[in-house]
Amino acid sequence: MPGMDRRTLLALPLALSSAWAAAPAWAQSPGLTDRDRADVARVEAWLGALRTMKARFLQIAQNGAAAEGTAWIQRPGRMRFEYDPPEPLLLVASYGQFFYFDRQLKQATTLPLSSTPLGILLRDEVRLSGDVTVGRVERGGGLLRVTVFRTGRAAEGRITLVFNDNPVELRQWAVVDAQAQETRVTLSQAEYGGRFPAILFDFNDPRFRDELGIPQ
């Protein structure tokens, strides 16, 4: 499996943000069917019931480059993506911010969590309506795919959430950026209901943690 190009990984936070402001041609989609609405309700119920999850992840870029690691999600509002060595990268969502840190370069980037499509997954109440519009619902191969974009803007990006259909369980998401480049994240070995130490999501600029000898 090819390794992930560093520039591809370094661009990920910007891709997540710019994709949410891109302009896909399909944004004016037809209305949902009753079956679509029922499936969206199932997805909302599953996400709303999710409190904690730990899983392995595989991230694949448009060019086939790949990276792996471990993800922790604690709803509402918290997420951590720890990439396996030799990738020195860390993504943390907490306190309404999305933090991206390169341990090797000692560089940190901060974005509002609300500016990234992943913020949808971390809301206290998950509603795929209102300021979020469901553009497409697809079924096949035992999977349920729900594509959403931000409501009320002329230019919109998209994130597609992929679930096992029966029973519903999040398996993957894909974000498309302004250049129509896709970043896909697949989850495996998911564990639910665990208790995580608060420090796992406490960013506070890891450069200071390194200096103090506090593990990341």
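Residues numbered from 1 in each chain as written. Predicted model: local features only at pLDDT ≥ 70, side-chain atom pairs only at ≥ 80, totals over all residues. Heavy atoms only, no water.

**Q** Help me out: how do you make sense of the environment of Gly140 in this one?
**A** Here Gly140 is to be found in strand β7 (residues 132-140). By relative accessible area, which is 33% here, Gly140 ends up partly exposed. On a C-alpha basis, the gap between Gly140 and Asn164 in space is 9.9 Å, while along the polypeptide they are 24 residues apart. (Helix = DSSP H or I, 4+ residues; strand = E, 2+ residues; numbered from the N terminus. Buried < 20%, exposed > 50% of the residue type's maximum accessible area, 1.4 Å probe, protein only.)

**Q** Looking at this structure, how should I read the sheet that holds strand β6 (residues 107-112)?
**A** Strand pairing within a sheet occurs via backbone hydrogen bonds; the two strands may be parallel or antiparallel. Read across the open sheet, the eleven strands follow the order β6-β5-β4-β3-β2-β1-β11-β10-β9-β8-β7; overall the sheet is antiparallel. Two strands bound the open sheet, and with one partner strand each, they are β6 and β7. Taken over all neighbouring pairs, the strand axes of this sheet differ in orientation by 20° on average, direction set aside. When strand β8 (residues 143-150) meets strand β9 (residues 158-165), the two strands line up antiparallel, connected through six bridges. Among the inter-strand pairings, Thr147 is bridged to a residue of β9, identified as Thr160. Each of β7, β8, β9, β10 (168-176) and β11 (182-192) is contacted by helix α3 (residues 34-49), which is oriented at about 105° to β7, the strand it contacts most. (Pairing = 2+ DSSP bridges. Axes fitted to C-alpha atoms, helices over the stretch in contact; angles between N-to-C directions. Contact = heavy atoms within 4.5 Å.)

**Q** Could you clarify how one ought to interpret the nonpolar core in this entry?
**A** One recurring pattern in soluble globular proteins is that nonpolar side chains are buried together. In terms of nonpolar packing, the biggest core is built from 42 residues, with Leu128, Phe163 and Trp173 touching the most fellow members. For Leu128, the contacting residues outside a window of four places in its chain are Val40, Val43, Glu44, Ile120, Val134, Val146 and Val148. Counting five residues, the second-largest nonpolar core is a separate cluster that includes Val92, Phe99, Phe101 and Phe203. (Core = buried A, V, L, I, M, F, W, Y, C linked by side-chain atoms within 4.5 Å.)

**Q** Is there a simple way to explain the pairing of strand β1 (residues 52-60) in this structure?
**A** One face of the sheet, then the other: side chains in a regular strand alternate in exactly this way. As judged from the nine bridges shared by β1 and strand β2 (residues 66-74), these two strands associate in the antiparallel manner. Its bridge partner being in β2, Arg56 is matched across the sheet by Thr70. Linking two consecutive strands that pair antiparallel, namely β1 and β2, is a turn of five residues; a positive phi of about 90° is found at Gly64 within it. Of the pairings in the sheet, the one linking β1 to β11 comprises seven bridges and is antiparallel in character. Counterpart to Met53 in the pairing with β11 is Tyr192.

**Q** Just checking my understanding: could you explain the pattern of salt bridges for this structure?
**A** Any two side chains of opposite charge can pair, so long as their charged atoms come close to each other. Overall, the coordinates contain ten salt bridges when judged by the stated rule. A salt bridge links Arg37 to Asp34, with the shortest nitrogen-to-oxygen separation between them at 3.4 Å. Taken together, the residues span about one helical turn, with Arg37 and Asp34 both in helix α3 at a distance of three residues. Here Arg37 falls in the partly exposed class, since its relative accessible area comes to 47%. The residue Asp39 makes a salt bridge to Arg42 at a minimum N-O spacing of 2.8 Å. Of the two residues, Asp39 and Arg42 both sit in helix α3, three residues apart, roughly one turn of that helix. Look at Asp39 and you get buried, because its relative accessible area is 7%. One connected set of salt bridges, linked through shared partners, spans Asp36, Asp39, Arg42, Arg139 and Asp165. (Salt bridge = Lys/Arg side-chain N within 4 Å of Asp/Glu carboxyl O.)

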